[in-house]
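One letter stands for each residue in the lines below.
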Amino acid sequence: MTMKIATISLLVADYDDAIRFYCDKLGFALVADIPLGAGKRWVLVAPPGGSGARLLLAQADGEEQRAAVGRQAGGRVMLFLETDDFARDHLRMVEDGVRFIEAPRHEAYGSVAVFEDLYGNKWDLIEPRA
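The rules behind these values
- Residues numbered from 1 in each chain as written.
- Predicted model: local features only at pLDDT ≥ 70, side-chain atom pairs only at ≥ 80, totals over all residues.
- Heavy atoms only, no water.
- Phe/Tyr/Trp six-rings, centres within 6.5 Å; stacked < 30°, edge-to-face > 60°.
- Buried < 20%, exposed > 50% of the residue type's maximum accessible area, 1.4 Å probe, protein only.
- Helix = DSSP H or I, 4+ residues; strand = E, 2+ residues; numbered from the N terminus.
- Domains from an automatic or database assignment.
- Contact = heavy atoms within 4.5 Å.
- Buried area = accessible area lost by both parts, 1.4 Å probe.
- Salt bridge = Lys/Arg side-chain N within 4 Å of Asp/Glu carboxyl O.
- Polar contact = N/O pair within 3.5 Å; in protein donor to acceptor, adjacent residues only side chain to side chain.
- Nonpolar A, V, L, I, M, F, W, Y, C, P; charged D, E, K, R; others polar.

- Where an unreviewed UniProt entry is consulted, the chain appears under the name Extradiol dioxygenase, with the organism given as Devosia soli.

Structure representation (structure tokens):
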């Protein structure tokens, strides 16, 4: 049997703002943007290279969901963006206005720095050690 995590739902305040951040600042591809009616859309983005899980950008609906935007992991790093060239991607992301909340560091497991998305969700940009 083969299984994989294919898609992760991420609450966002606005579909179009989220698409701009993930596609323009992180370099993700817009995989799908399908109207579902009543203002809802099926919006999928994926990192360059096409492997790994995609993000379903789910616009918050209702007070409880709106309160969770940017806090789905309780302030911890929630998602890990793996790269094959940390220096290249870190520089590009900084130049594109991505907010890193720490300087790059080199750990036993690889090179890493924490950044925030447009809502404050924490991510690791990481190049694992071979």
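Here the narrative resumes, following the displayed structure.
**Some points on the packing of aromatic side chains**
- The final tally for this structure, using the stated rule, is 6 aromatic pairs.
- Ring centres of Phe21 and Tyr22 lie 5.1 Å apart, and the angle between their planes is 85°; on these two criteria the pair is classed as edge-to-face.
- According to the relative accessible area criterion, Tyr22 is buried, its value standing at 0%.
- Where Phe28 meets Trp123, the ring centres are 6.3 Å apart and the plane angle is 70°; that geometry is what we call edge-to-face. In this pair, Phe28 sits in the loop between helix 1 (15-25) and strand 2 (29-37) while Trp123 sits in strand 9 (residues 122-128), placing the two residues 95 residues apart along the sequence.

**Remarks on the domain arrangement of the chain**
- Here the chain is partitioned into domain 1 (1-62) and domain 2 (75-129).
- Taken together, the 16 residues of domain 1 in the interface contact 15 residues of domain 2.
- When domain 1 packs against domain 2, close to 1100 Å² is buried across both sides, 71% of that on carbon and sulfur atoms.
- When residues of domain 1 are sorted by the area they lose upon contact with domain 2, Phe21, Lys25 and Leu26 head the list and together hold 44% of the total.
- Taken together, the links from domain 1 to domain 2 amount to 0 salt bridges.
- At the boundary of domain 1 and domain 2, one finds 6 residue pairs in polar contact (both at pLDDT 80 or more).
- At the level of elements, strand 1 (7-12) and helix 1 are the ones that each hand at least two residues to the side of domain 1 that touches domain 2.
- When residues of the side of domain 1 that touches domain 2 are assigned to their parent elements, the largest contribution, 6 residues, is made by helix 1.
- For the side of domain 1 that touches domain 2, a count of residues per class yields 11 nonpolar, 1 polar and 4 charged.

**Re the environment of Val31**
- In this fold, Val31 is placed in strand 2.
- Remark: the alpha-carbon pair of Val31 and Leu118, spanning 87 residues in sequence, is separated by 20 Å.
- Beyond its immediate chain neighbours, meaning those up to four positions away, Val31 contacts Leu44, Val45, Ala46 and Arg54.

**Some points on the side chain of Ser111**
- Locating Ser111 in the fold gives a position in strand 8 (residues 110-116).
- Residue Ser111 is classed as buried on the basis of its relative accessible area, which comes to 14%.
- Not counting the four nearest positions on each side in its chain, Ser111 is found in contact with Phe86, Arg105, His106, Leu125, Ile126 and Glu127.

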